[in-house]
Amino acid sequence: MSEDDVSSRLEQSSMGGTPKVNPDEQRRYLGTFRERVSLAIKIKDLSNPNAVNALQKEFDNNNSYQLIINGNLDHDVVSPFIRLASQNNIKFVIKTDSFYRTAPDNYGVVYANSQSINVNPVDFEEKYNQQDTTTDPSNDSEDKQANQSFFGKLKNIFK
């Protein structure tokens, strides 16, 4: 190590340690980088029952990741996610630093790997599109086929 390296390290240490890479991104994703995230659930979506189901799917796909929970939220809000992680033997950590915000558009739960995985999209709303579960897409295609065949038959009558 050169003398310049030693003096710059000493200066960094005296100023509070080494500078963080992308600190805003790390605050947004509860201490990790976006490239490591598999699923991120905003605080406004934590009460959605589909969020727990989506997280279960993520656990089933990759059980070696870690669940990061915003500890500045009420226990009632995050307890279903803690319970789910415990039932699936998923490592989890609760972050309570004051810079983790609790606004509805901030993330409350992040499921991430220790290495880069580059999953797109990661946001719960985008990844698990909130489709109406009461309508079955297979029924729609059957109806269209029935309508097409009816009109097709009608067309054939007038030929």
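Residues numbered from 1 in each chain as written. Predicted model: local features only at pLDDT ≥ 70, side-chain atom pairs only at ≥ 80, totals over all residues. Heavy atoms only, no water.

- As recorded in an unreviewed UniProt entry, the protein chain goes by the name DUF1694 domain-containing protein, listed as coming from Apilactobacillus kunkeei.

## Observations concerning the pattern of salt bridges
Pairs may arise between side chains of opposite charge once their charged atoms sit close together.
Now for step 1: Considering all chains together, one arrives at four salt bridges under this definition.
Now for step 2: A salt bridge links D24 to R27; the nearest nitrogen and oxygen atoms lie 2.3 Å apart. Taken together, the residues span about one helical turn, with D24 and R27 both in helix α2 (residues 23–28) at a distance of three residues.
Now for step 3: Residue D24 is classed as exposed on the basis of its relative accessible area, which comes to 56%.
Now for step 4: Among the residues examined, R27 registers a relative accessible area of 34% and is labelled partly exposed.
Now for step 5: Linking E125 and K44 is a salt bridge whose minimum nitrogen-to-oxygen distance equals 3.6 Å. Residue E125 is found in helix α5 (residues 124–127), and its partner K44 is found in the loop between β1 (37–42) and α3 (49–61); the two are separated by 81 residues along the sequence.
Now for step 6: A relative accessible area of 40% places K44 in the partly exposed class.
Now for step 7: Within the structure, one salt-bridge network assembled from shared partners comprises K44, D105 and E125. (Salt bridge = Lys/Arg side-chain N within 4 Å of Asp/Glu carboxyl O. Helix = DSSP H or I, 4+ residues; strand = E, 2+ residues; numbered from the N terminus. Buried < 20%, exposed > 50% of the residue type's maximum accessible area, 1.4 Å probe, protein only.)

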